[in-house]
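Descriptive analysis of the structure
Spelled out from the first residue to the last, the chains are:
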Amino acid sequence: MTTGLLTVIDMQRVFADPDSPWASPRFTEAAAGVRRLLPAFGNRVTFTRFVAPRTPEGAWRAYYEQWPFALRPPDSELWRLTDEFADRARHVLDASTFGKWTPELARRATPEGRLVLAGVSTDCCVLSTALAAADAGVEVLVVADACAGADDDSHAKALHLLDLYRPLIRVTTVAELLEETT
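Description of the structure in this document. Worth saying up front: this structure is predicted, and the values here are computed from it rather than measured.

1. Details of the side chain of R49
With respect to the helices and strands, R49 occurs in strand 2 (residues 45-50). With relative accessibility at 12%, the residue R49 sits in the buried group. Separated by 3.2 Å, the side chain of R49 and the backbone oxygen of W79 make a polar contact. Beyond its immediate sequence surroundings of up to four residues, R49 is in contact with D10, Q12, P74, W79, R80, L81, V92, L93, D94, A95 and K100.

Have a look at this one:
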């Protein structure tokens, strides 16, 4: 088994549906990488969901003026995990922020001190989570081929930026990570 906590960020319908304004074009490829990772982590997996706040405050008001379709309650269809992950998600953490480094995720990751990140979007929620966790002193591994960005260029730029934070953050692949366990 691989060490650390696998955190699968926002593998939700709103990012999977090609007709969604927030669709991630490589969602299917990222999902394939996540599926390969899950067995190596057993029950040390947390899925996250981005959900809209009941009432946006501060700069979030302008954000939701730009994306009014997203102002739906947490049980709305668009916020659900995709079918392939909904049944596998034993532990789900909801957050109305891009970064998922919440006190709850920190408690789950702290015992081993290693956070492995996969999911969408590399250039938004994955990036925001990685930076906050690294600032908290947690070793962060971002699995490039189990992530997807808003587009290929944004994905590549985010991975490059994240790799500048070595040794706090390391970009890796599914194969490299799984090889560490053998």
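2. Brief notes about unusual backbone geometry
A cis geometry characterises the amide bond from V120 onward to S121, with omega recorded as -10 degrees. Along the polypeptide, S121 turns up in the loop between strand 4 (114-120) and helix 6 (122-135). Residues R166 and P167 are joined by a peptide bond in cis, for which omega reads 0 degrees. Here P167 is to be found in the loop between helix 7 (152-163) and strand 6 (169-172). For D10, which is not glycine, the phi torsion reads 55 degrees and is therefore positive. Secondary-structure assignment places D10 in the loop between strand 1 (5-9) and helix 1 (13-16). A relative accessible area of 0% places D10 in the buried class.

3. Regarding a nonpolar patch on the surface
Residues L161, L164, Y165 and L168 make up a contiguous nonpolar surface patch of about 360 Å² in total accessible area. Considering the arrangement of structural elements, one finds L164 in the loop between helix 7 and strand 6.

4. Some words on the environment of W79
By the element assignment, W79 lies in the loop between helix 3 (59-66) and helix 4 (83-86). Here W79 falls in the buried class, since its relative accessible area comes to 0%. Between the C-alpha atoms of W79 and R49, which are 30 residues apart in sequence, the distance is 6.9 Å. What W79 contacts, discounting residues up to four positions off in sequence, is Q12, V14, W22, R49, F50, V51, A52, A70, R72, P73 and P74.

The rules we used
- Residues numbered from 1 in each chain as written.
- Predicted model: local features only at pLDDT ≥ 70, side-chain atom pairs only at ≥ 80, totals over all residues.
- Heavy atoms only, no water.
- Helix = DSSP H or I, 4+ residues; strand = E, 2+ residues; numbered from the N terminus.
- Buried < 20%, exposed > 50% of the residue type's maximum accessible area, 1.4 Å probe, protein only.
- Polar contact = N/O pair within 3.5 Å; in protein donor to acceptor, adjacent residues only side chain to side chain.
- Contact = heavy atoms within 4.5 Å.
- Patch = residues over 30% accessible without salt bridge, like charges linked within 9 Å, V, L, I, M, F, W, Y side chains within 5 Å.
- Areas by Shrake-Rupley, 256 points an atom, 1.4 Å probe, with all protein chains shown as cover.
- Salt bridge = Lys/Arg side-chain N within 4 Å of Asp/Glu carboxyl O.

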